[in-house]
Each structure stands twice: as C-alpha cells, then as structure tokens.
Amino acid sequence: STDVHVARSEIGDVSVDAVYASDSIMLESFEIAHPRGGRLTGSGRVGLEEGYPLTADARLHDVLLQEVLESAGLEGAWVRLPLSSDVRATGSLSPLGVEIDLDGKVERFEVLNASYRLADARRFLVLENVPIKGRAAVTESMVMINGISLGPDESLFDVEGMLHYRDGLDLRLRSESANLEW
C-alpha cells in the first residue's frame, strides 16, 4: 500500500491486488483509505486499450462527502454527509469520464448555513437514515449528479446538479412538498 496524491490532492492510502493480462489489468481487490474521508473497497478491470476503460464494483464505507469535496478543491462545504453505499462504476480513465451508480444509505445528511468546519454552523435541513439511489458522473473538472433519490421508494428528495472542483457547486433538491435551490 502507498499514499497517493493526484494533482496535489490527497487520495489516501491505496492498496491493490492486481493481475496483468495482455489486454487488461484485473483488480482482484483494492482499498482506498482517505485519512479523513472514509474508505472505498472493491474489485474491477482496467482495459489497456485507448481511454483505459474501467469497470468496478465497490463499496463506500462511511465516506464523508465534505472531506471528499475538500480534497477535490471545494473547501469548507456547507454540508455534512457520511455515506455507505454499493457502487458500480463504468467509463474511461483517460480522459476521465466515469458513470457511477449508487445504492446505499445516508446515515445523516445535514445542510448548513456555513462551512462544516465552523463549530457554530447551524443545520437548516437534516435527513437521517435514508436510502440513496441514483447516478452520478465523474469527469476531470466536476461531478455531475444526474438524478439521485434520497429517501424511500416515494423519494423524499431528488438531487441534481454539478460539483465543480474549482468553481463551486450548483445543486437542486426537489420534493413533492419542498423545492430548495442554492
């Protein structure tokens, strides 16, 4: 295992068991442990042809969205969100374009009036122990949220938007009884 940084952002401690084949690298198992943001474990395949196609089945273990955003350059997020979820990822590594399907649980999602790092940040929206399911896309410049549902089958909230690594975020939360945009 080794400590990995990408574009000066800390990824964390990475451990990989892999098998090389003539056309791919089979990731028999991998673990990425971010020092403050949780763990990602799984297995998959990286093709050695143009674009380096990726397929992976993984599990997020108490991944803290606010810490992941911080590592991506979005400092002082106004949310707290620990996430555990099964993840299916498909796409290319070069250029980076990976579709991610989530199916898991949000232990506690808090929308704040200031940075999560401030002790006096007040919560103005709190969701606890809700299912999360949907799709996002990761590129070299942003994460695009393409319809993630937070809540039971009738969908408490639908989330869409973009998390730009350098230019902030544009998120929309919608529900039958509320429409919050910021």
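Before reading further, recall that the structure is shown in the block above.
Residues numbered from 1 in each chain as written. Predicted model: local features only at pLDDT ≥ 70, side-chain atom pairs only at ≥ 80, totals over all residues. Heavy atoms only, no water.

S.K.: Just checking my understanding: could you explain the pattern of salt bridges for this structure?
M.R.: When the charged atoms of two side chains lie near each other, side chains of opposite charge can form a pair. In the structure shown here, the tally under the stated rule is 14 salt bridges. Two residues, arginine 88 and aspartate 57, come together in a salt bridge whose shortest N-O distance is 3.0 Å. You can see arginine 88 sitting in strand β7 (residues 82–93) and its partner aspartate 57 sitting in strand β5 (residues 53–64), a full 31 residues away along the chain. What makes arginine 88 partly exposed here is its relative accessible area of 35%. (Salt bridge = Lys/Arg side-chain N within 4 Å of Asp/Glu carboxyl O. Helix = DSSP H or I, 4+ residues; strand = E, 2+ residues; numbered from the N terminus. Buried < 20%, exposed > 50% of the residue type's maximum accessible area, 1.4 Å probe, protein only.)

S.K.: Can you help me understand unusual backbone geometry in this one?
M.R.: Among all residues save glycine, negative phi is the norm, and among peptide bonds the norm is trans. Omega for the peptide link from serine 94 to proline 95 comes to -5°, which places this bond in the cis form. Here proline 95 is to be found in the loop between β7 and β8 (96–112). A positive phi is found at tyrosine 52, a non-glycine position, where the angle reads about 50°. With respect to the helices, strands and loops of the structure, tyrosine 52 is situated in the loop between β4 (38–47) and β5. Although it is not a glycine, aspartate 62 sits at a positive phi angle of roughly 50°. As for its position among the elements, aspartate 62 is in strand β5. When its relative accessible area of 40% is taken as the criterion, aspartate 62 is described as partly exposed.

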